[in-house]
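# Analysis of the macromolecular model
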Amino acid sequence: MAGKIRPVRGMNDILPDQTRAWQYLEDRARRILETYGYREIRFPHLEHLELFARSIGEDTDIVEKEMYTFADSGGEVLALRPEGTAGCVRAAISAGLFRGGGAHRLYYLGPMFRHERPQKGRYRQFHQVGVEAFGPPGPDLDVEQILMAQRLLQDLGVPGLTLHLNSLGQPEDRRAYRGELIAYLEERRGRLCDTCRDRIQRSPLRVLDCKVASCQEAVASAPVITDYLGEASRAHFERVQALLQEAGIRFVHDPKLVRGLDYYTDTVYEWTSDHLGAQDTVVAGGRYDGLVAELGGPATPAAGFALGIERLLALMDSAQIPTEGLDAFVAPLDERAQSVALELSETLRDEGLSAWYHSGGGSLKSQLKKADRLGAAVAVLLGDQELAEGTVTVRDLVQGEQEAVPRDRAPQAVADRLG
RNA sequence: GCGGUCGUAGCUCAGAGGCCAGAGCCCCGGAUUGUGGCUCCGGUAGUCGCGGGUUCGAAUCCCGCCGACCGCCCCA
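Residues numbered from 1 in each chain as written. Chains lettered and ligands numbered in written order. Predicted model: local features only at pLDDT ≥ 70, side-chain atom pairs only at ≥ 80, totals over all residues. Heavy atoms only, no water.

### Observations concerning the pattern of salt bridges
A side chain of one charge can pair with a side chain of the opposite charge if their charged atoms are brought near each other. Evaluation of the coordinates by the stated rule reveals 18 salt bridges. Of the charged contacts, one joins Asp396 and Arg417 as a salt bridge, the two residues approaching to 3.6 Å between their closest N and O atoms. With Asp396 in strand E15 (residues 391-396) and Arg417 in helix H16 (residues 410-417), the pair connects residues that are 21 residues apart, well separated along the chain. When the shortest N-O distance is used, the salt bridge between Glu401 and Arg417 registers 2.8 Å. Of this pair, Glu401 sits in strand E16 (residues 401-406) while Arg417 sits in helix H16; the two residues are 16 residues apart in sequence, bridging distant segments of the chain. (Salt bridge = Lys/Arg side-chain N within 4 Å of Asp/Glu carboxyl O. Helix = DSSP H or I, 4+ residues; strand = E, 2+ residues; numbered from the N terminus.)

If you want it as structure tokens, here you go:
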């Protein structure tokens, strides 16, 4: 294996056999998001490290140990984006999108990078569809986004889903709650696992969903964030739940649901699927009313979600992905037929048909075999006979019938043979 | 970063100390002259992940490294 260069760990090639599913998912996502008025935005994969540190939070795992960071030759400290929201908000601020206070609905598709240990459903380069809406502060926006995500998941036939919902309140609510929680946890320090002991002061919310049994017991009667919500947040959360119920969307209120990014406020949610492994979150999102201001824009409420493409692909019913076939396989039987075959192939494409011009010769038998393997519907054969007569042989590879037709009628003859 | 399982042809895998390392799929060719799919025949292809060690002899046993997968952690 000398000289063979490996792919970077956790970074996967997406091969031709898989790209059809990717394209299908991306097309469906675009179509659905656009019916809700969202428009695509594209922004760099690389940003100043500080953007992520400030938006995601210095003390989060993502910023602390999962980012790909480096100093470029000019000495600027950059990072490959570990998620999309920060860059999206930065781009919107940079473009002055918030001047005038108009509502904006944006979506994006693309790779994100986190230096984690790869496993099923978790990769170092992974792909998300993200949506962000800016302006409206109301709970109805949160619910419309949940409806939109659900439509997408249903459209793609994703099984075994559960929607988990929680509210994190405003920063001051969280601060008050955090104090209470730390006090509670400190009293039970002895019953917590090692990692949770370390977490008490740094990120006490994380202790709540530790999977160690003793931690679960210790935390069973811990204070719950939703008991500490301010009046506005409480009302917001109740309204979200009421609207979800009226929309007929089932959810479970999960008081322990905590997101790994600091910018969330009020509503947070997560869809999990029981058909995945340990990495079972397919969609996650929520409201982040403080982020735009935090990044230097005008105070602007906002909400959004991100969807993991690889995870969704793993869940999708591949049967619904359309297979696009090849219309015509054009076979020049010898060198003399090449120029006519090339020209005929172009004519077929002029008519909107797909044509595989066969280069490389071989016996008619081997060429037909190739046409068959390629899944061509029709083979167009051009040999001495056809050249002499000014015809082509159009062979229907499904029916097994063929006919000789004048060359200029070939496109029509091919089209007639297609389902 | 921690733990477990596993690395043999392009792919899926068999071989578990001893004839030149095997099968299926794929690919290529053939089964009379210009006709695919089914069948049959033949063929190409592997420094058995890499490096050391044990042994008369290692794909097979031992050690190290690398990689993949699964889980922890964390999250999409």
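### Here we look at the protein's contact with RNA strand B
For RNA strand B, the set of nearby residues contains 50 residues, the closest of which are Lys120, Arg199, Gly260, Gln385 and Leu397. Here RNA strand B approaches the protein such that, of its atoms within 4 Å, sugar and phosphate make up 52%. The separation between a sugar or linking oxygen of RNA strand B and a polar main-chain atom of Gly308 is 3.5 Å. In this structure, a phosphate oxygen belonging to RNA strand B sits 3.3 Å away from a side-chain N or O atom of Arg373. Broken down by secondary-structure element, the contributors of at least two residues to the surface near RNA strand B are helix H3 (61-66), strand E6 (125-134), strand E10 (281-287), helix H14 (364-373), helix H15 (384-389) and E15. Looking at the surface near RNA strand B element by element, the count peaks at 8 residues for H14. Residue composition of the surface near RNA strand B, by class: 14 nonpolar, 12 polar and 24 charged. (Near = heavy atom within 4 Å. Polar contact = N/O pair within 3.5 Å; in protein donor to acceptor, adjacent residues only side chain to side chain. Nonpolar A, V, L, I, M, F, W, Y, C, P; charged D, E, K, R; others polar.)

### Comments concerning the sheet that holds strand E14 (residues 376-382)
Spatially, 5 strands are ordered E13-E12-E14-E15-E16 in an open sheet, and the strand pairing comes out mixed. Of all strands in the sheet, those with a lone pairing partner are strand E13 (355-357) and E16, marking the two edges. Pairs of neighbouring strands in the sheet enclose a mean axial angle of 25°, with direction left out of account. Where strand E12 (residues 326-332) lies against E14, 6 bridges are found, and the strand directions are parallel. Bridge pairing in E14 links Phe329 to Ala379. (Pairing = 2+ DSSP bridges. Axes fitted to C-alpha atoms, helices over the stretch in contact; angles between N-to-C directions.)

### Here we look at the domain arrangement of chain A
Taken domain by domain, chain A comprises domain 1 (16-169 + 229-319) and domain 2 (326-417). Here the C-alpha centroids of domain 1 and domain 2 sit 49 Å apart. (Domains from an automatic or database assignment.)

### Things to note about the packing of aromatic side chains
Applying the stated rule across the entire model yields 7 aromatic pairs. Each ring, one from Phe43 and one from Tyr108, has its centre 5.1 Å from the other, and the planes form 75°; the classification is edge-to-face. On the criterion of sequence distance, the pair formed by Phe43 in the loop between strand E1 (39-40) and strand E2 (46-48) and Tyr108 in strand E5 (residues 104-113) is long-range, its members being 65 residues apart. Between Phe98 and Phe134, the aromatic rings sit 5.0 Å apart at their centres with planes inclined by 70°, giving edge-to-face as the arrangement. In this pair, Phe98 is assigned in the loop between helix H4 (85-94) and E5 and Phe134 in strand E6, connecting sequence segments 36 residues apart. With respect to class, Phe98 is no different from Phe134; both count as buried. Three or more aromatic residues link up through ring pairs in this structure, and these residues are Phe98, Phe134, Tyr263, Tyr264 and Tyr288. The positively charged end of Arg188 is found above the aromatic ring belonging to Tyr184, 3.7 Å away from the centroid. (Phe/Tyr/Trp six-rings, centres within 6.5 Å; stacked < 30°, edge-to-face > 60°. Buried < 20%, exposed > 50% of the residue type's maximum accessible area, 1.4 Å probe, protein only. Lys NZ or Arg CZ within 6 Å of the ring centre and 35° of its normal.)

### What about the side chain of Arg81?
Assignment of secondary structure puts Arg81 in the loop between strand E4 (77-80) and H4. Despite its burial, Arg81 remains without a salt bridge, the nearest opposite charge being carried by Glu47 at 6.9 Å. From its side chain, Arg81 meets the backbone oxygen of Phe43 in a polar contact 3.4 Å long. Leave out the neighbours within four places in its chain, and Arg81 touches Phe43, Pro44, His45, Phe52, Gly110, Pro111, Met112 and Phe113. (Lys, Arg positive; Asp, Glu negative; His and termini not counted. Contact = heavy atoms within 4.5 Å.)

### Remarks on the pairing of strand E9 (residues 265-273)
Within E9, 9 of the 9 residues are buried, leaving the element largely enclosed by the surrounding structure. One ladder, built from 7 bridges, connects strand E7 (residues 161-167) with E9; its direction is antiparallel. If you follow Ser167 over to E9, its bridge partner there is Thr267. Inspection of the sheet shows E9 paired to E10 by 6 bridges, in the antiparallel sense. Following the sheet pairing, Trp271 is matched in E10 by Val283.

### Let's talk about the packing of helix H1 (residues 16-35) against helix H5 (residues 139-155)
At their nearest, the axes of H1 and H5 sit 10 Å apart, and the two run at 145° to each other. In the crossing of H1 with H5, the sense of the turn from one axis to the other is right-handed. Listed contacts from H5 to Arg28, Ala29, Ile32 and Leu33 of H1 are Met148, Arg151, Leu152 and Asp155. Of the residues belonging to the contact of H1 with H5, the class tally is 5 nonpolar, no polar and 3 charged. (Left-handed = near helix turned anticlockwise from the far one by under 90°.)

### Comments concerning the pairing of E15
For E15, a buried count of 5 out of 6 residues is recorded, marking the element as mostly surrounded by other parts of the structure. Where E15 and E16 come together, 6 bridges link them in antiparallel fashion. For Thr391, the partnering residue across the bridge sits in E16 and is Pro406. The antiparallel pairing of E15 with E16 creates a hairpin that spans 4 residues between the two strands, and Gly400 there sits at a positive phi of about 80°.

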